[in-house]
Amino acid sequence: MNRSRAAPYALSAPALLLFALMVLLPLALTALLSFQQFSYESGVQGGFTLAAYAAVLGDGFYWEVFGRTGWVALLATLICIAIGTPEAYILSRMRPPWRSAFLLVILAPLLVSVVVRAFGWSLVLGPAGFVNQFFEAIGIGRVRMLYTPIAVVVALVHVMLPFMVIPVWTSLQKLDPMVENAALSLGASRFTVLRRVVLPQVLPGLLSGALIVFALSASALAIPGLLGGRRLKMVATLIYDEYLHELNWPLGAAIALALLAVNLAVMLGTQALIEGHYRKRLGA
Amino acid sequence: MAFLVVDGLTQRYGSVTALADFSLHVERGEFISLLGPSGCGKTTTLQALAGFVQPSAGRIVLDGRDITGLPPEKRGLGIVFQSYALFPHLTVAGNVAFGLEMRGLPRAEREGRVARMLELVHLSELAGRYPRELSGGQRQRVAIARALVIEPPVLLLDEPLSNLDAKLRETMQFELRRIQRKLGTTTLMVTHDQAEALSISDRVVVMDGGRIQQVDAPHRLYEQPASRFVGSFVGKTNWLQGTARGGAVELAGGLRLPLVNDDGAGDGAVAAEGSTVSLVLRPEKLRLQPPGQGRLPARVAERFFLGSQWLYRVESALGALEVACANDGRAPWPEQAEVALDWADDVARRLPAEGQA
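Because the structure is a prediction, the values reported are computed rather than measured. (Residues numbered from 1 in each chain as written. Chains lettered and ligands numbered in written order. Predicted model: local features only at pLDDT ≥ 70, side-chain atom pairs only at ≥ 80, totals over all residues.)

Visitor: Explain the packing of helix α4 (residues 96-111) of chain A against helix α7 (residues 149-173) of chain A here, please?
Guide: When two helices pack together, their arrangement is captured by the angle between the axes and the distance separating the axes. Residue and element names in this part refer to chain A. Contact geometry for α4 and α7: axes closest at 8 Å, N-to-C directions at 130°. The angle between the axes of α4 and α7 places the two elements in the oblique class. For the pair α4 and α7, the sense of crossing is left-handed. Contact with α4, carried on its side by I106, L107, P109 and L110, involves H158, V159, L161, P162 and V165 of α7 and no other residues of that element. (Axes fitted to C-alpha atoms, helices over the stretch in contact; angles between N-to-C directions. Helix = DSSP H or I, 4+ residues; strand = E, 2+ residues; numbered from the N terminus. Parallel < 35°, antiparallel > 145°, perpendicular 65-115°, else oblique. Left-handed = near helix turned anticlockwise from the far one by under 90°. Contact = placed C-beta atoms within 7 Å.)

Visitor: In this structure, what is going on with the nonpolar core? I would like to understand it.
Guide: Considering soluble globular proteins, one finds that nonpolar side chains tend to be buried as a cluster. Counting 78 residues, the largest nonpolar core has A183 of chain A together with V96, A145, L156, V205 and V206 of chain B as the members making the most contacts within it. Setting aside its immediate chain neighbours within four residues, V96 of chain B contacts V114, M117, L118, V142, A145, R146 and V149 of chain B. Ranked by size, the runner-up nonpolar core spans 55 residues in total, among them L91, F163, F214 and L259 of chain A. (Core = buried A, V, L, I, M, F, W, Y, C linked by C-beta atoms within 7 Å. Buried ≥ 20, exposed ≤ 12 C-beta atoms within 10 Å, placed from the backbone.)

Visitor: It is not clear to me how helix α6 (residues 166-183) of chain B should be interpreted in this structure. Could you clarify?
Guide: Think of an α-helix as 3.6 residues a turn; residues three or four steps apart then line up on the same face. Residues and elements named next belong to chain B. For α6, with 18 residues, the first-to-last C-alpha span of 26 Å sits near the 26 Å given by 1.5 Å per residue. Tucked into the core, α6 has its buried residues touching β3 (31-35), α5 (136-148), β8 (186-191) and α7 (194-200). G184 sits one or two residues past α6 and shows a positive phi near 70°. (Expected span 1.5 Å × (residues − 1).)

Visitor: Which parts of the structure should I look at to understand the interface of chain B and chain A?
Guide: Accessible area lost during the coming together of the parts is what is often quoted as the interface size. Across the contact, 20 residues belong to chain B and 18 residues belong to chain A. Only α2 (72-75) and α3 (92-102) of chain B provide two or more residues apiece to the side of chain B that touches chain A. Here the element with the most residues in the side of chain B that touches chain A is α3 of chain B; it accounts for three residues.

Laid out in structure tokens, this is it:
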């Protein structure tokens, strides 16, 4: 009896230990760091101060960076929903040899190093890049995209799409294909079937995909760093700068925790607001 | 012209012909079953009627209107799917109301019709539940209500009872028939369960290999199968082989049976003298008597208790035969008992010549 009750804990102990060591411990250390004092003359000092948080909350620059990060991540998420959901639907309707081929195409960005991918996009979106050549050819003229949020959003969508497609695809596979036929037989048009029958059922998948994409986009470092340039700051690149250029570790830690708090708030808020509602209905 | 006319319906998938030249006339209010083993083309027929597959050839005419080329959403037929295919994100009432909503009915009328339909299928108390909170039989009734609330000209049922346990299936068979009688909806049901087809249909279409084998009322189908396939698929059968001689059939061992067809009239003239004749002899038409009293001596090889019946396998000069005796309280024959077989003169039915495989 005693043994069987201890077994689940014993079995999950390695995972819990790993989690504590790899996530909780660094997080706790970061939290401690964020309360420490800093001066450019003497570096990080011990003691307790809220100076770093006061700096983050009091300076409009940080608000601007957080705001930009928020809308870039949100835009990337919305575009991922708009592209990824139909993509997942089409994928689920494909026959076996094609389906695995296209799944590989969707997963391809994850197989390529982020540095290579970012430089690839800078070639495509740069002033003399493929897209601008096309724009000039059709008479729009050259558009500045590299080192603007456009490039960051495009590259984020590219790499985040699999995180959108996979959960939606998974929930699509749980659908009874006959349910769509049932709706058709009751007089629903093809579009109504998608809107009233398919979409509500994949909403939990769509939502988890959107949350993953938003969280990863908001904390992305390499893509904003390489395609946003030196001046277009996002939160992750800002943290990077504080740690490695300014050597202001407490401020970096404070920004990092603020980002974590915002991400958590967005996730839990959305989950509580919408997913709970659908969970109840679908029992998923 | 019949209410629903299916004419020469053919469905080919590549080189495979799933359905060949299916023709059927259905009268208004009829309950038709499509019966056959899996792969016989019955589901393909239903899919073509529903509009989910476009037939390679043939026409479907409903109430004088050719609907062959119409997409499913324009046909207005009621369909009950094998998996029920309920909308998991809608309540029972929401499921039933869906078709009415698609027709743009005002809310008040919609609610009235949904309530009446739920009452008909005895689900009024469960209107607010979601499908996953229902039992199999309840889901089944939601599916039926959802299909019928739009008042379809034809109701199509795809193996509607196959996911229910035996007891519930029997209840639902009668329930289905009661609802269908009450509303008078013309109904086509696909099934592989012969008992189901026989018990609730006006007519049964037996199919095999993509072709219609026989279309008949249930009792005629049983009593006078048109082919060896139908005889074997519907009910248990003893096959007897004999030779036509002088208006009678001479069986192995010199036994003679008069040739009759299903209405009991003499049929001897039809079979050419000396030709081989196949006879169908249903197990329950045979009787076991004490030795020396019947037509043919036999020995009980095995017996099986089926509840309402005893099923005996007996050895005789005609080969191994199955005999079903009502469990009427008399002591059953033990295995290895010497018995005699007896039957009424007119119970053996001859297969039509083309049915002799």
